[in-house]
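Examining the three-dimensional arrangement
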Amino acid sequence: LFICLDCGDAMRLGFSAPLFENARTTFCIDHHISNQAFAEHNYIVPDASSTSELVYNLLDEEKISYEIAEALRRAGFNKRVESWAAAGNWIVKEVK
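The notes below deal with the structure included here. (Residues numbered from 1 in each chain as written. Predicted model: local features only at pLDDT ≥ 70, side-chain atom pairs only at ≥ 80, totals over all residues. Heavy atoms only, no water.)

With that settled, the discussion passes to helix 3 (residues 66–74). Turning to helix 3, its buried residues number three or more, namely A69, E70 and L72. Looking down the long axis of helix 3, one finds its buried residues gathered within 160° of arc, a one-sided arrangement. Projecting away from the buried face of helix 3 at angles above 90 degrees are the exposed residues E67 and R74. G76 occupies a position one or two residues after helix 3 and carries a positive phi of about 105°. (Buried < 20%, exposed > 50% of the residue type's maximum accessible area, 1.4 Å probe, protein only. Helix = DSSP H or I, 4+ residues; strand = E, 2+ residues; numbered from the N terminus. Arc of directions from axis to C-beta.)

This brings us to a nonpolar patch on the surface. A cluster of nonpolar side chains, L1, I3 and L5, forms an exposed patch at the surface whose accessible area comes to about 330 Å². Tracing the backbone shows L5 in strand 1 (residues 2–5). Assessed through its relative accessible area of 49%, L5 is described here as partly exposed. (Patch = residues over 30% accessible without salt bridge, like charges linked within 9 Å, V, L, I, M, F, W, Y side chains within 5 Å. Areas by Shrake-Rupley, 256 points an atom, 1.4 Å probe, with all protein chains shown as cover. Salt bridge = Lys/Arg side-chain N within 4 Å of Asp/Glu carboxyl O.)

Below, the discussion takes up the nonpolar core. Of all hydrophobic cores here, the largest spans nine residues; its members are F2, C4, C7, L13, A17, F20, C28, F38 and A39. Listed by contribution, the elements that provide at least two residues to this core are strand 1 and helix 1 (17–22). Excluding its chain neighbours within four sequence positions, the residues that come into contact with C4 are L13, F20, F27, C28, I29 and F38. Core analysis: the next-biggest nonpolar cluster, separate from the first, contains five residues, Y56, I64, A69 and L72 among them. (Core = buried A, V, L, I, M, F, W, Y, C linked by side-chain atoms within 4.5 Å. Contact = heavy atoms within 4.5 Å.)

Let us look at the side chain of T51. Position of T51 among the secondary structure elements: in helix 2 (residues 51–58). The buried category is assigned to T51, whose relative accessible area is 8%. With near-sequence residues (within four places) excluded, T51 lies in contact with L5, D6, I29, D30 and H31.

Relative to the helices and strands, F2 is located in strand 1. Ignoring anything within four residues of it in the chain, the contact list for F2 reads L13, S16, L19, F20, A23, T25, T26 and F27.

Spatially, 1-2-3 is the arrangement adopted by the three strands of the open sheet, whose pairing is parallel. Each end of this open sheet is capped by a strand with a single partner; those strands are strand 1 and strand 3 (41–44). For this sheet, the mean inter-axis angle between neighbouring strands, taken without regard to orientation, is 10°. Across four bridges, strand 2 (residues 26–30) lies against strand 3 in parallel orientation. From the neighbouring strand, F27 faces strand 3, where its bridge partner is H41. The strands touched by helix 2 within the sheet are strand 1, strand 2 and strand 3, with strand 2 carrying the most contacts at an inclination of about 120°. (Pairing = 2+ DSSP bridges. Axes fitted to C-alpha atoms, helices over the stretch in contact; angles between N-to-C directions.)

Remember that the coordinates give geometry; whether it matters functionally is a separate question.
The structure is reproduced here in structure tokens:
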């Protein structure tokens, strides 16, 4: 499985292009309207704020740890993903 994140076409894969070409399954997650849907499976949503927002949408919310929430925040999920501890469990909430 080769997963492309925030990559609009196969020419942008650079040194990882051979891995993409030899993968059994390819999956692209992107938010750019210019994406060429070059993978076998594509999740392209031009209205999304960022690719990290799309990754968030694919995750089981109950399994998102503090580390995952922080990585999504740092990756630019700019709908202000807020994480906090409640009763010892990390919770992710979208703040509008």
